[in-house]
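Structural features, examined
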Amino acid sequence: MAKDSQTSFVAGLEDVVANTSDICYVDGKEGRLIYQGYDIHDLINGKATFEEVIYLLWNGVLPSAAEVAKFTQQIATQRTLRPEVIRFLKGVRKDANAMEVLRTAVSYAGIYDEDNSDESFEANVRKATRLVAQVPTVVTAYERIRQGLEPVEPDASLSMAASFFYLLRGAKPDEFTENAFNIALILHADHELNASTFSARVTAATLSDIYSAITSAVGTLKGPLHGGANEQVMKMLLEIGSVDKVQSYIDQALADRKKIMGFGHRVYRTEDPRATHLRHLSKEAGERAGNTSWYEMSQVIERTVMDKKGLNPNVDFYSASMYYSLGLPLHLFTPIFACSRVSGWTAHVLEQYRNNRLIRPRAEYTGATGLRYVPISQR
Ligand SMILES: CC(=O)SCCNC(=O)CCNC(=O)[C@H](O)C(C)(C)COP(=O)(O)OP(=O)(O)OC[C@H]1O[C@@H](n2cnc3c(N)ncnc32)[C@H](O)[C@@H]1OP(=O)(O)O
Ligand SMILES: O=C([O-])CC(=O)C(=O)O
């Protein structure tokens, strides 16, 4: 068959440049992560809020004090879910996968969004604001409904980090928890053309609506090779159970050619810069909870996987033990990732709409050629 494609196939699109973007730069060689020109270490050491980072991702500049105050309020006042979405959450089976519920709730919320039929850029910014505001409300409301509790009425005076715990538990978190969670939200906010962001951009590039794009992204984040890895990491820690069992567990898993969740990365060839912060937070959260065993096991796993495979931990490794030490249930780990990444997804979707071209790559055909149809009676 004649080849009409100029380029050759690259498995998993590794290192293929699929679009330009101003939002995020991942330096895989040096292990640096840059949001709109700002190194994440600088944002965290400078004590940025997650709201400030969302503003930065969407607008390309850091907000002034007045701008961030206004933006924070715009998000905070959009947290309440529409009654249709609450009814959906109350009606869905109580043992559903939290990511599947989130995926369907995002899709459902889009149908009822007051700007549903308005595809102007301004309307898309309003929809993006509702998405970043309401994804955490969906996650926490479903968790409470599952437990037989009523969802908590949002409190617009709280930061996004504090609000998550308030909506989940009906009580404000302590200062350490709020700060640690704020950092985790910043660290997970964006990561260039990771699989879920790529999904969102592909959907947006057909000029489909922003809710469809974010629904695609949630479905993509769920997989254990992507955002779903953080839940798998905690399952592994619980299965291993104690530090003395780590070595034999990892040896056996590698002998069985199993992947160790939370290790390896398509782009980083060095330490994932997010893991540096999450490692510290995991230790501190463990100390505060009076149980550092998850952190200690994680340390031994890290050394063993480095020795045996030369692989570094990624963002999903230490976030698992950190969240667990903050008392968060493991089935919420990946939805929590979505609560942060929805900021990056929406930034990319808005960027795609600003300068759109359909995303449609080619496949290298490896199937049969020249076959003749055989009537069914002769097969
Ligand atoms: C937010 C995020 O998405 S971060 C990533 C979260 N995912 C995980 O933590 C899951 C575990 N990690 C992985 O599966 C991979 O490292 C990925 C998916 C992150 C990257 O995948 P790829 O770039 O396609 O690398 P690939 O899977 O081809 O691995 C290359 C080699 O390293 C090995 N390898 C990669 N990651 C791991 C791992 N976690 N454990 C053991 N071996 C691994 C592979 O087995 C392969 O070895 P081989 O060449 O001997 O067959
Ligand atoms: O960039 C990737 O491929 C995966 C990742 O680390 C992320 O999405 O945060």
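Per an unreviewed UniProt entry, the protein chain is named Citrate synthase, and its organism is Alicyclobacillus mengziensis. As stated in UniProt under Catalytic activity (unreviewed entry), the record for the protein chain gives "oxaloacetate + acetyl-CoA + H2O = citrate + CoA + H(+)".

1. As for the confidence of the model for the protein chain
Across the protein chain, the average pLDDT comes to 97, with 98% of residues at 70 or higher. Across the interfaces of the predicted complex, the ipTM metric reaches 0.99, alongside a pTM of 0.97.

2. A word on the site of ligand 2
Every residue lining ligand 2 is accounted for by His 191, Asn 194, His 226, His 265, Arg 274, Phe 337 and Arg 341. Taking His 191, its side chain carries an N or O atom lying 2.7 Å from an oxygen atom of ligand 2. Arg 341 has a polar side-chain atom sitting 2.7 Å from an oxygen atom of ligand 2. Relative to its unbound accessible area of 260 Å², ligand 2 is 84% covered by the protein chains. Grouping the amino acids of the shell around ligand 2 by side-chain chemistry returns one nonpolar, four polar and two charged.

3. Focus on helix H15 (residues 315–325)
Residue pairs spaced three or four apart in an α-helix point in one direction, given the helix's 3.6 residues per turn. Along H15, ten of the eleven residues are buried, which leaves the element largely enclosed by surrounding structure. Val 315, Asp 316, Phe 317, Tyr 318, Ser 319, Ala 320, Ser 321, Met 322, Tyr 323 and Ser 325 are the residues of H15 that are buried. Those residues of H15 that are buried lie in contact with helix H8 (175–187), helix H11 (229–240), helix H13 (273–289), helix H14 (293–309) and helix H16 (333–354). If you check the start of H15, you find a side-chain oxygen 2.9 Å away from the backbone N of Asp 316, and it comes from Asn 314. Directly after H15, the chain includes Gly 327, whose backbone phi takes a positive value near 85 degrees.

4. Considerations on the nonpolar core
Among the nonpolar cores identified, the biggest contains 108 residues, and Tyr 35, Leu 89, Ile 301 and Leu 328 are the most heavily contacted of them. Among the elements that take part in this core, H16 stands out by supplying eleven residues, more than any other. Inspection of this core shows a minimum of three residues originating in each of domain 1 (30–174 + 191–222 + 343–354) and domain 2 (229–325). In this structure, Val 152, Leu 158, Ala 162 and Leu 167 belong to the second largest nonpolar core, which totals five residues.

5. Concerning the sheet that holds strand E3 (residues 38–39)
Pairing is antiparallel in the open sheet, where three strands are placed in the order E1-E2-E3. Strands at the two margins of the open sheet, each flanked by one partner only, are strand E1 (24–27) and E3. Here E1 runs beside strand E2 (residues 32–35); their pairing, made up of four bridges, is antiparallel. Counterpart to Cys 24 in the pairing with E2 is Tyr 35.

6. Structural notes on the site of ligand 1
Not every one of the 20 residues close to ligand 1 is listed here, only the nearest: His 226, Lys 259, Ile 260, Phe 263 and Arg 266. Separating an oxygen atom of ligand 1 from a side-chain N or O atom of His 226 is a distance of 2.7 Å. Here an oxygen atom of ligand 1 sits 2.5 Å away from a polar atom, N or O, in the side chain of Lys 259. Surface burial for ligand 1 is 69%, taken as the share of its 910 Å² of free accessible area covered by protein chains. Classifying every residue of the shell around ligand 1 gives nine nonpolar, five polar and six charged.

7. Observations concerning the packing of helix H2 (residues 50–59) against helix H3 (residues 65–76)
Across the interface, H2 lies against H3 with an axial gap of 9 Å and an inter-helix angle of 100 degrees. Our classification of the angle between H2 and H3 gives roughly perpendicular. Taking contact as the criterion, the partners of Glu 51, Glu 52, Ile 54, Tyr 55 and Trp 58 in H2 are, on H3, Glu 67, Val 68, Phe 71, Thr 72 and Ile 75. For the contact of H2 with H3, the residue count by class is six nonpolar, one polar and three charged.

8. Observations regarding the state of the cysteines
Counted under the stated rule, the structure contains zero disulfides. Of all cysteine sulfurs, the one in Cys 339 lies closest to Cys 24, which takes part in no disulfide; the gap is 19 Å. Residue Cys 24 is classed as buried on the basis of its relative accessible area, which comes to 9%.

What counts, and where the lines are drawn
- Residues numbered from 1 in each chain as written.
- Chains lettered and ligands numbered in written order.
- Predicted model: local features only at pLDDT ≥ 70, side-chain atom pairs only at ≥ 80, totals over all residues.
- Heavy atoms only, no water.
- UniProt positions renumbered as here; feature names shortened; annotations may be inferred.
- pLDDT = per-residue confidence, 0-100.
- Near = heavy atom within 4 Å.
- Polar contact = N/O pair within 3.5 Å; in protein donor to acceptor, adjacent residues only side chain to side chain.
- Areas by Shrake-Rupley, 256 points an atom, 1.4 Å probe, with all protein chains shown as cover.
- Nonpolar A, V, L, I, M, F, W, Y, C, P; charged D, E, K, R; others polar.
- Buried < 20%, exposed > 50% of the residue type's maximum accessible area, 1.4 Å probe, protein only.
- Helix = DSSP H or I, 4+ residues; strand = E, 2+ residues; numbered from the N terminus.
- Contact = heavy atoms within 4.5 Å.
- Core = buried A, V, L, I, M, F, W, Y, C linked by side-chain atoms within 4.5 Å.
- Domains from an automatic or database assignment.
- Pairing = 2+ DSSP bridges.
- Axes fitted to C-alpha atoms, helices over the stretch in contact; angles between N-to-C directions.
- Parallel < 35°, antiparallel > 145°, perpendicular 65-115°, else oblique.
- Disulfide = S-S within 2.5 Å.

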